[in-house]
Every structure is written in structure tokens, then in C-alpha cells.
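So you can see what is in the structure, the chains are spelled out below.
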Amino acid sequence: MSVETILFILVLLAGFYTAWNIGANDVANAMGTSVGSGALTLRQAVMLAAIFEFTGALFFGSHVSDTIQSGLINSSVFTGNPLILVYGMLAALTGTGIWLQIASYFGWPVSTTHSIVGGIIGFGAIVGGVDAVYWDNISFVFASWIVSPILGGLVAYFIFSILRKQIFYTSEPVQNAKKYTPVLVFIFMIIMVVMIMFHGLDHVSIQFTFFQTLAIGTGVACLSSLLSYLWVRGIEVPKSSKDAQNLYNPEVIVALEKAKKHLILAQNSSNGSHRYQLTLLNDEIDHLSSAYKQHEDPELTSREYAIVERIFGRLQIITACCMAFAHGANDVANAIGPLSAAISVLQTGFISSSATIPVWQLALGGVGVVAGLATWGWRVIETIGRKITELTPTRGFAAEFGAATTVVLASRLGLPISTTHTLVGAVVGVGLARGIEALDLRTTRDIVISWIVTIPIGAAITIAIFYILLAIFG
Amino acid sequence: MLSAILNLFGRSPFAPLQSHMSQVTKCVELLKTLFIALEKKDYEAVQTISDAMSELEHEADLMKNDIRNHLPKSLFLPVDRGNLLEVLGLQDKIAGLAEDTAVLCTLKQIVMLESFKNDFHEFLDKNVETFKSATLIIKEMHELLESSFGGAEALKVRGMVDEVSYKKHESDIIQRKLLKNLFKAENEMSYSTFHLWQKIFESLGDISNFSEKLASRVRLMLDVK
């Protein structure tokens, strides 16, 4: 067996293992909250995750994979001895795997993306020299790591504020939830479809112009909006129970409203002490009518809110699937980017600076992710689902809306970001909009620490393994 | 990165707050039985009930401390932390007042005179009623959380707060009537008994006072004008 064949097998194994790791640990972030809120059963979540992660990896994963493969370091510095690149990429993959094992043992929140990027930069800088690294691209990537949780948080804050004001604050939450469902679905789907299809899907030979994309997006959004409208139409608005209604005569409330209107007229056209007395009278009428309204069924509000949550449970399925799609697209690159660079060297013997990633490699990544999900990831989804009951469907929907749109945008721009950090940012956004009972902000501190720590450690481990590989094979 | 998402959610103090209120309610509810026993001059029963109330108040104290221990500064809540802690403190104070009232009744074998018996029961009932209205507000906490302390639900709770204020006002009026009756009967009892009854009326009246304070504090948590 030649050295090339051994390396080929090692690279495939390392890439598959990294993809497996992503499926085992990261996918739970996309689907876990839907299982926790009861919107999906574990089985449904795993199946949907498998489908959408694979599709996302295959049809949308090449942009980020390209960045990792050839956008971070200038591989042409290794033209003299191309196998160095192979050792480097293999070291990055293995190093990330080891670092993730260590971190999960200690419970540190470490991101696959950050480790791989750190590893590649470390290898590029130390072995290829400082000029081998595309520092301007790297600074874009670093910036995206900071911006993505913030953007996810902003969108989630905005969406939950809308839910709060237009549904929860009103006196008819179920009716307003029914009204807003098609609107929210429309907005979400059009954003998703346009961003995903913008320059055409990968490996699909049809290309669309911007206007065709917009038209398709509008079409898909209208269709899903219509489907959601038909679905919520059948949901019954709860009424006060019969006993409560019999006690108090609703005609009294109507009569009081009329009296109040006349009093306001009188108040506005009088002055001085008369006006003051009329104001006092108005206040008393307000007090009386609210006292009457209170004696409606006291359980009504909690029943209404339960139904609103049920509606958003279904909506959460849509956002969860899009999260899985976006996650597949963004994270499969962590495994396949380095793998692709290494394999192109092993197959051709040359460094090629801009090869497109072949379908089989993206499919391999997708299969690895699904394998990880099926063997271990489902357990993690179940754990998250069991422990996170605080994220009710309305909150989960807002958070996933923010996270999914941000991750899809980043994948479109070819920026490798951490989906977990983005989701954390989105949940914090919902918390800031007063949506969550108790939010532990120490997690944000842990995330900032992980930004600072993961790159040097990822780089150090990669460099160490690189020199080991060089010693064995070189 | 399982731990990042899991660690994001802290222990919510709202359900423990409601449990604490249930504990306080158990204590306050025993007051009626205590005073019925006192009327029948069953002083042994008065002592037993008073001991039971002390136990309940002590347990409420422990629950309160537990809640306070689990509210680190890093926990972000949808309401002002100070308001929440103040509501908790007021709830606990009410349990203490009920216990104090019971203990006062055991210090001496006092007799409930015919002249103020009816007014006294009216007073006791009105105070417990005010407290019960305040407990209804705490029961609404779950709906308030769901609607982020604003909107129609918050307006409904604001109305409930007004109701507690009104009941407290009614209790004050009965208290004045009761005190006048006590003064009329001053020659039928020793000074120490007179003083003891005064203190009992005071701590009982404080139950509605503090219930109103509690309701006002919850009012401050609401996002309404």
C-alpha cells in the first residue's frame, strides 16, 4: 500500500469522524427545543433532522466548504511539497476531534467551526509562513463569529416583541394568533427561499435570475402561508364557560360603555370643578366596567394561552427544519472543507486553488452527520428536550426564527459560524424581550472565553499532530 | 456543545414564589379555627393551633431562604429582581403576623366579650378575605409570565390590585369600629388584657395592610401605564 493510499483512507476516516461528531453533538441544537416543547416526538425530530441536514449539506454546503478549503490559507505555498497540505488538513481534522472529546468531557462549550478554523490558521501560519494566511478573509470570519449571535438575538427579539404585542397583550390571543400565523409563515419562507436560492442551488444545473428567485420565493411563501391558514382556521376560539356567563349580564357592560361615551363628551365641554367631578365619575365607571369584565371565566386566559402555544408548536416545526437545513449547510463544511483540499492533492498530485467540491464528498459529509445523529445524536436531542421545558413554543419559534435566518445568511455568504452560539444569542434575545423566566447570563461569558481560547488550542493541537504525521510519513 | 444551551436556563424563582404563598396561606387559614377555639375558652386547642402555625411559619421561612439562595446576580429575570424579592419578603411577613397573632392569644387566658365578639369576627373575616385576594394575584403569575407582564392580562391584575386596596380600606373601617367597642368595655377587663387585645387587633389588621403592600409591589412589576 502506497503512502498516498494510506493517507487517502486516513483522510476519509478523519472527515467522516468529524462529520459523525457534528451529527452526534450539534444537531441537537436545531431540533432539541422542538422536542422539549412537545411540538415533535423524538422519532419525528430525528427523521426530519436527518432529511434536512443531509439536504442542507448537499445543496447548500459548498459555499462554506469552499471558504474552509481554499479561503483561509493560500495553499499554493505548498506547491513544492503538496503532501504537506495533506498532513496539515489531516492534522486539523484529527486535532479538532481530539479537542472536542476533551472539551465535552469537561463540559466546555467548544465549537467545531472555531476549532477547525483555528487549526487551519495555525498550520498555515506556522508551516506556510504568516503570508500564507488570508488575513483579510480571516478577519471577516472572526467578525462573523461575533456578529452572528448578536444578529440572531436581534431578529429573535424583534419577532418575539411582535408576538408579545400583537398576540399576548391583546384580549383575544387565540384569534390574533390565527391571524398572524399566515403572516409569520410568509415572511419566514420568503426570507429562507430567497437566501437559499439566490445564486442557484449547488449541483442543480438550473440558474435563476434575481427576479425569478424572488418570484419562486413569493410563490413558495404564499403556498406555505395558505397551508398554514387552512390549518389554523379549524382551531376553536375558547369561550367563557356557561356558568360564568349566566352570573353577569353582558348588557350591563354595553350600557356602561354608552354612559362612559356620554360622560366623556360632557367632560370635554365643561371646565373647572365640573370637569374635575366628571373625571372622577369617569374613573368610577371604568372601575365598575372592569369589575364586571373580570367576572368572566377566570380560567379563560390560561386556556387561550395554551391554544396559542399549540399553534406555535406547529410553526416551530417549520423553523426547526430550516434550522437543521441551515446547520447541515454550515457545519458539514467543517468536515468536508479540509477533506476536499487533502483529497484533491492526493488524487491529482497538485495543489489546485479553486476546485469545486464534488458531490460525493458533500454526500459523504451528509451521511456522516446522519450517522452521528442516528447512533448518538438522538440521545442528546432527548436530553435537551427533557431538560429544556422553559422554552415554550412561542419563545422557541422566535429564537429559531432568529437563529435560522442568521445561519442561512452566513451560509450564503460562505462564512463558517457556530450554530450553537447563534442559537444562544437568539434565546438571549427572547429573554431580553421578557420572554423567559430565568436566563443565566454566565453562559455568554463562557462563550466569549471560548472564542478566545479555542483558536490557540485548536492551532496548537493541529500543529503538534502535523509534526507527528510529518515524522511518520515524511 | 450540549452544555451551552442547557446552562442558559436558570432556576426560575416564580414557581417557588407561588409554593411559598401556598405555605403562607396554610398558616393564615388556621386563624379562624384558633379564634373559634378561643371563643369556646378551649385554651389547650388554642395552644396546639398556635404551635402548628409556628411550624408552618418556620417552614415558610426556610422556603424563602432557599429562593433567595438561588437568585444569583447573573440571572436575568423578566421583572425587576428587587420587586420580586420584596414580594417574597412581604409574603413571609404575613405568615409572621399570623403566627404573632396566635402567640399573643396564648400569653394569657383571655376571654372574648359579647360586646365585641361579632365585630371581631367581621374584622377577622375581612382581613383573611383581603389576604385571599392577594393570593389570587400571585396565582395569576403564570399567565403574567406567559404574556410578559403586559397587555390585557396585566390590566386584569391591575384591577385585582385595586380590589385588594379597597378591601384593606374596608378592614380599616371595621378596625376603628372594633376599637371603639373595646374602649367601651375597658372596665370589664384588666389593663393587661386590654393591652393584649389591642395588640391582637393590630397584628391582625397588619395582615390586610401587608396584603395591600404586596399587591402594590406586584403592580410595580407590570408593564402598564
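This structure is a prediction, so every number in the text was calculated from the model and none was measured.

Calculation notes
Residues numbered from 1 in each chain as written. Chains lettered and ligands numbered in written order. Predicted model: local features only at pLDDT ≥ 70, side-chain atom pairs only at ≥ 80, totals over all residues. Helix = DSSP H or I, 4+ residues; strand = E, 2+ residues; numbered from the N terminus. Buried ≥ 20, exposed ≤ 12 C-beta atoms within 10 Å, placed from the backbone. Contact = placed C-beta atoms within 7 Å. Domains from an automatic or database assignment. Axes fitted to C-alpha atoms, helices over the stretch in contact; angles between N-to-C directions. Parallel < 35°, antiparallel > 145°, perpendicular 65-115°, else oblique. Expected span 1.5 Å × (residues − 1). Nonpolar A, V, L, I, M, F, W, Y, C, P; charged D, E, K, R; others polar. Pairing = 2+ DSSP bridges. pLDDT = per-residue confidence, 0-100. Left-handed = near helix turned anticlockwise from the far one by under 90°.

Details of the overall build of chain B
Part 1 of the argument: Along the backbone of chain B there are eight helices and one strand.
Part 2 of the argument: If you list the helices and strands of chain B from N to C, you get α-α-α-β-α-α-α-α-α.
Part 3 of the argument: For chain B, the C-alpha atoms occupy an extent of roughly 75 × 35 × 20 Å along the three principal directions.
Part 4 of the argument: Within chain B, buried positions represent 42% of all 225 residues.
Part 5 of the argument: A sequence separation of at least 24 residues applies to 88% of the contacts in chain B between residues at least 6 apart.

Details of the overall build of chain A
Part 1 of the argument: Check the secondary structure of chain A and you find 16 helices and one strand.
Part 2 of the argument: Along the longest, intermediate and shortest principal axes, the C-alpha atoms of chain A span 100 × 40 × 40 Å.
Part 3 of the argument: Counting over 474 residues, chain A shows a buried share of 51%.

Overview of the domain arrangement of chain A
Part 1 of the argument: Each assigned domain of chain A is listed with its residue range as follows: domain 1 (3-235 + 302-473) and domain 2 (249-294).
Part 2 of the argument: One C-alpha centre belongs to domain 1 of chain A, the other to domain 2 of chain A, and the line joining them spans 57 Å.

Observations concerning the packing of helix α6 (residues 135-168) of chain A against helix α7 (residues 173-197) of chain A
All names here are of chain A.
Part 1 of the argument: Where α6 contacts α7, the two axes come as close as 8 Å, and the packing angle between them is 130°. As judged from the angle between their axes, α6 and α7 are oblique. Two secondary-structure elements touch here, α6 through Gln166, Ile167 and Phe168 and α7 through Pro173, Asn176, Ala177 and Tyr180.

Looking at helix α4 (residues 83-106) of chain A
Every α-helical turn comprises 3.6 residues, leaving residues that sit three or four positions apart pointing alike.
Part 1 of the argument: The end-to-end C-alpha distance of α4 of chain A is 35 Å, a good match for the 34 Å that 24 residues give at a rise of 1.5 Å each.
Part 2 of the argument: Phi turns positive one or two residues past the end of α4 of chain A, at Gly107 of chain A, with a value near 75°.

What to know about helix α2 (residues 42-60) of chain A
Residue and element names in this part refer to chain A.
Part 1 of the argument: For α2, spanning 19 residues, the distance from its first C-alpha to its last is 26 Å, which sits close to the expected 27 Å at 1.5 Å a residue.
Part 2 of the argument: All of the buried residues in α2 are Ala45, Val46, Ala49, Ala50, Phe52, Glu53, Phe54, Gly56, Ala57, Leu58, Phe59 and Phe60.
Part 3 of the argument: Where α2 is buried, its residues touch α1 (3-36), α7, α12 (300-348), α13 (359-387) and α14 (393-412).

Quick word on the interface of chain A and chain B
Bring the parts together and some accessible area is lost; that lost area is often taken as the interface size.
Part 1 of the argument: Taken together, the contact between chain A and chain B spans 42 residues of the former and 32 residues of the latter.
Part 2 of the argument: Taken together, the elements giving at least two residues each to the side of chain A that touches chain B come down to α1, α6, α11 (272-294), α12, α13, α15 (419-432), β1 (439-440) and α16 (442-473) of chain A.
Part 3 of the argument: For the side of chain A that touches chain B, a count of residues per class yields 17 nonpolar, 17 polar and eight charged.
Part 4 of the argument: As defined by bridge partners, β1 of chain A adjoins strand β1 (residues 75-76) of chain B across two bridges and the pair is classed as antiparallel. Bridging across to β1 of chain B, Leu439 of chain A finds its partner in Phe76 of chain B.

Details of the confidence of the model for chain A
Part 1 of the argument: Averaged over all residues, the pLDDT of chain A is 86; the fraction at 70 or higher stands at 93%.
Part 2 of the argument: Put simply, helix α9 (residues 242-247) of chain A is where chain A has its lowest mean pLDDT, 56, and α6 of chain A is where it has its highest, 94.

Considering unusual backbone geometry
Part 1 of the argument: Phi is positive for Lys41 of chain B, close to 65°, though the residue is something other than glycine.
Part 2 of the argument: Along the chain, the position of Lys41 of chain B falls in the loop between α2 (14-39) and α3 (43-69).

A look at the environment of Cys322 of chain A
Part 1 of the argument: Relative to the helices and strands, Cys322 of chain A is located in helix α12.
Part 2 of the argument: With residues up to four places along the chain from it excluded, the contact list for Cys322 of chain A reads Met192 and Ala404 of chain A.

Some words on the packing of helix α5 (residues 114-139) of chain B against helix α7 (residues 151-184) of chain B
Two quantities define a packed helix pair, namely the angle between the axes and the distance from one axis to the other.
Residues and elements named next belong to chain B.
Part 1 of the argument: Where α5 meets α7, the axes come as close as 9 Å, and the angle between the chain directions of the two elements is 165°. Between α5 and α7, the crossing angle belongs to the class labelled roughly antiparallel. Here α5 runs over α7; the crossing is left-handed.
Part 2 of the argument: When the residues that make up the contact of α5 with α7 are grouped by side-chain class, the tally is 13 nonpolar, seven polar and ten charged.

Focus on the environment of Val127 of chain A
Residue and element names in this part refer to chain A.
Part 1 of the argument: Considering the arrangement of structural elements, one finds Val127 in helix α5 (residues 112-128).
Part 2 of the argument: Sequence spacing of Val127 and Gly88 is 39 residues, and the spatial spacing of their C-alpha atoms is 8.8 Å.
Part 3 of the argument: Contacts of Val127, omitting those with residues within four sequence positions, involve Ile84, Gly88 and Phe466.

Notes on the confidence of the model for chain B
Part 1 of the argument: Chain-level statistics for chain B give a pLDDT mean of 94 and a share of 98% at 70 or above.
Part 2 of the argument: Scored as a whole, the predicted complex attains pTM 0.88, and scored at its interfaces, ipTM 0.89.

Here we look at the environment of Pro109 of chain A
Residues and elements named next belong to chain A.
Part 1 of the argument: Mapped onto the elements, Pro109 comes out in the loop between α4 and α5.
Part 2 of the argument: Owing to 24 C-beta atoms within 10 Å, Pro109 belongs among the buried residues under this scheme.
Part 3 of the argument: For the pair Pro109 and Ile187, spaced 78 residues apart in the sequence, the C-alpha separation amounts to 32 Å.

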